[in-house]
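Spelled out, the chains give:
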Amino acid sequence: KTLTGVPALEIVLHRVVWSFLLLLPLLPLQKRTGEFLSVMKHPRSLATLLATTILVAVNWLLFIWSVNNGLVLQASLGYYINPLFSVLLGVIILGERLRRAQVIAVLLAGAGVLHLTIGLGRFPWIALSLAFTFGLYGLVRKIAPVSALVGLAVETLLMLPPSLGYLTYLYLDGRGAFLHSGTSIDLLLMASAFATALPLLFFNLGTRILHLSTIGFMQYIVPSCFFLFAVFVFGEPISSVQLWTFALIWAALALYTADSMILHRKTLASPASKPE
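The following paragraphs examine the structure supplied in this document. (Residues numbered from 1 in each chain as written. Predicted model: local features only at pLDDT ≥ 70, side-chain atom pairs only at ≥ 80, totals over all residues. Heavy atoms only, no water.)

1. A short note on the side chain of S163
For clarity, the threshold we go by: Runs of E in the DSSP output that reach at least two residues are strands. Runs of H or I that reach at least four are helices, and both are numbered from the N terminus. In this analysis, two residues are considered to be in contact whenever any of their non-hydrogen atoms come within 4.5 Å of each other.
Relative to the helices and strands, S163 is located in helix α8 (residues 148-172). With residues up to four places along the chain from it excluded, the contact list for S163 reads L13, V16 and V17.

Here it is in structure tokens:
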């Protein structure tokens with residue numbers, strides 16, 4: 001919102017450039033340089049990461065455009081649908097199984113999303129596109145044989161040449177925001193690296209060690225924060241439709257979390273889990 005005066009595409013390109021500069025020194029610090037060079041020499045790995053690069057770039061662009069055009073609630077709907085999409089991908093493609101309580105949680109969340117979609121009174125193409133692109137991104141990154149840091153470094157590297165080229169063109173043409181719009185804008189654009197790279201690093205790490213269905217339900221934190229920002233910070237009105245959707249989705253999340261905790265306690269209490 002503080003960068004509303006900067007075109008969405010330009011913000012995305014800055015996220016790419018500054019994120020790569022942030023990630024580059026982390027590779028030797030985490031002793032991942034060898035893995036990074038190996039991936040760059042492996043055509044199949046590069047092709048996989050090229051697919052994730054396109055998916056995450058489209059997701060970034062849609063999200064920033066929607067926020068800068070006053071469609072925060074549309075964006076929040078997209079990230080409410082996304083966990084459901086991740087759950088379905090986990091079940092259909094990865095063969096993950098849901099317990100009875102989890103099935104009920106999925107149905108509750110689905111009812112909430114459907115209620116909100118109908119209540120909007122129009123086809124939510126932005127929301128569905130956000131859910132589709134980030135859901136597929138999470139799936140592909142889960143099965144890609146590359147660490148979170150290296151994968152994200154390669155993704156930003158693949159986007160780097162066109163990003164630098166277009167930003168240079170904008171600067172020479174006098175239309176670029178960077179170095180033309182004041183120090184605060186410059187610092188915010190540079191700080192986009194932290195808002196971009198760090199959450200994605202944690203997300204990609206999570207996709208490697210957790211069930212995709214678990215990741216899906218944890219992602220309900222994101223659209224809930226969007227709702228809070230939209231209503232209490234940006235002053236967008238909230239209707240009874242949205243309140244009912246909140247109630248259904250948080251009930252689903254509570255049920256899913258309770259079921260996971262019960263299973264975890266049973267696993268710890270089982271004889272097989274105790275050391276000899």
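2. Some details on the packing of aromatic side chains
For clarity, the cut-off: Between rings of Phe, Tyr and Trp, where Trp is taken as its six-membered ring, a pair exists when centres lie within 6.5 Å; planes separated by under 30 degrees are stacked, by over 60 edge-to-face, and by other angles tilted. Throughout, exposure labels follow a simple rule: accessible area from a 1.4 Å probe, protein chains only, divided by the maximum for the residue type, with under 20% read as buried, over 50% as exposed, and the rest as partly exposed. We count a charge as sitting over a ring when the NZ of a lysine or the CZ of an arginine lies within 6 Å of the ring centre and within 35 degrees of the ring normal.
Scanning all chains against the criterion turns up 10 aromatic pairs. Ring centres 5.8 Å apart and planes at 40° place the aromatic pair F85 and F132 in the tilted group. Note that F85 is positioned in helix α5 (residues 72-92) and F132 in helix α7 (residues 125-143), a separation of 47 residues in sequence. Pairing F229 with F234 gives two aromatic rings, centres 6.2 Å apart and planes at 35°, and the pair type is tilted. The exposure class assigned to F229 is partly exposed, which follows from its relative accessible area of 45%. Each residue in the set F63, Y79, F134, Y137 and F226 is aromatic and connected to the rest through ring pairs, giving one cluster. The ring of F234 carries the charged tip of K1 above its face, separated from the ring centre by 5.0 Å. Positioned over the ring face of W60 is R15, at 5.0 Å from the centre of the ring.

3. Remarks on the nonpolar core
Quick note on the threshold: For this analysis, a nonpolar core means a set of buried residues of the types Ala, Val, Leu, Ile, Met, Phe, Trp, Tyr and Cys, connected via side-chain atoms within 4.5 Å.
Among the nonpolar cores identified, the biggest contains 34 residues, and L23, W60, Y137, V150 and L200 are the most heavily contacted of them. Looking at this core, the elements that each hand over two or more residues are α1 (8-23), α3 (33-40), α4 (43-68), α7, α8 and α9 (183-209). With seven residues, α8 is the single largest residue contributor to this core. Setting aside its immediate chain neighbours within four residues, W60 contacts V12, R15, V16, M159, T196 and L200. Core analysis: the next-biggest nonpolar cluster, separate from the first, contains 29 residues, A105, L116, I126 and F227 among them.

4. Here's the deal with the pattern of salt bridges
Operational definition: Salt bridges are counted wherever a side-chain nitrogen of Lys or Arg sits within 4 Å of a carboxyl oxygen of Asp or Glu.
One pass over the full model with this rule turns up four salt bridges. A salt bridge links R99 to D259; its shortest N-O distance comes to 2.8 Å. Separated by 160 residues along the polypeptide, R99 in the loop between α5 and α6 (100-120) and D259 in helix α12 (residues 240-269) bring together distant segments of the chain. With a relative accessible area of 30%, R99 lands in the partly exposed category. Residue D259 is classed as buried on the basis of its relative accessible area of 16%. A salt bridge links D173 to R175; its shortest N-O distance comes to 2.5 Å. Judged by its relative accessible area of 42%, D173 is partly exposed. By relative accessible area, which is 47% here, R175 ends up partly exposed.

5. A word on the environment of Q219
Turning to its location among the elements, Q219 is positioned in the loop between α10 (212-218) and α11 (221-233). Under the relative-accessibility criterion, Q219 is labelled buried at 12%. Separated by 106 residues in sequence, Q219 and V113 place their C-alpha atoms 14 Å apart.

6. A closer look at the packing of α1 against α9
For the record, the criterion: As a rule, the C-alpha atoms of each element are fitted with a line to give its axis, helices using only the stretch in contact, and angles between N-to-C directions run from 0 to 180 degrees. Throughout this description, any angle smaller than 35 degrees is read as roughly parallel, any larger than 145 degrees as roughly antiparallel, any in the 65 to 115 degree range as roughly perpendicular, and the remainder as oblique. Working rule for handedness: look at the near helix, and if it is turned counterclockwise from the far one by less than a right angle, call the crossing left-handed; if clockwise, right-handed. All residues other than Ala, Val, Leu, Ile, Met, Phe, Trp, Tyr, Cys, Pro, Asp, Glu, Lys and Arg, Gly among them, are scored as polar; the first ten of these are nonpolar and the last four charged.
At a minimum axis separation of 7 Å, α1 and α9 run at an interaxial angle of 70°. In this view, α1 runs roughly perpendicular relative to α9, as classed from their interaxial angle. Relative to α9, the crossing made by α1 is right-handed. Facing α1, whose interface residues are I11, H14, R15, W18, S19, L22 and L23, α9 presents L189, M190, S192, A193, F194, A195, T196, A197 and L201. Among the residues forming the contact of α1 with α9, the class breakdown is 11 nonpolar, four polar and one charged.

7. Topic: a nonpolar patch on the surface
To keep things clear, this is the line we draw: In this analysis, a patch consists of residues with relative accessible area above 30% that form no salt bridge, clustered at 9 Å for like charges and at 5 Å for the nonpolar side chains Val, Leu, Ile, Met, Phe, Trp and Tyr. Only the protein chains shown count as covering a residue, and every accessible area follows the Shrake-Rupley method with a 1.4 Å probe.
A contiguous nonpolar patch, built from L88, V91, I92, I93, L94 and I143 and spanning about 550 Å² of accessible area, is present on the exposed surface. If one sorts the elements of the nonpolar patch by residue count, α5 sits on top with three residues. If you trace the backbone, I143 turns up in helix α7. When its relative accessible area of 54% is taken as the criterion, I143 is described as exposed.

8. Let's talk about unusual backbone geometry
In this structure, K31 is a non-glycine residue whose phi angle is positive, near 55°. Positionally, K31 belongs in the loop between α2 (26-29) and α3. Positive phi outside glycine occurs at L179, with the angle close to 70°. On the accessibility criterion, L179 (52% relative accessible area) is exposed.

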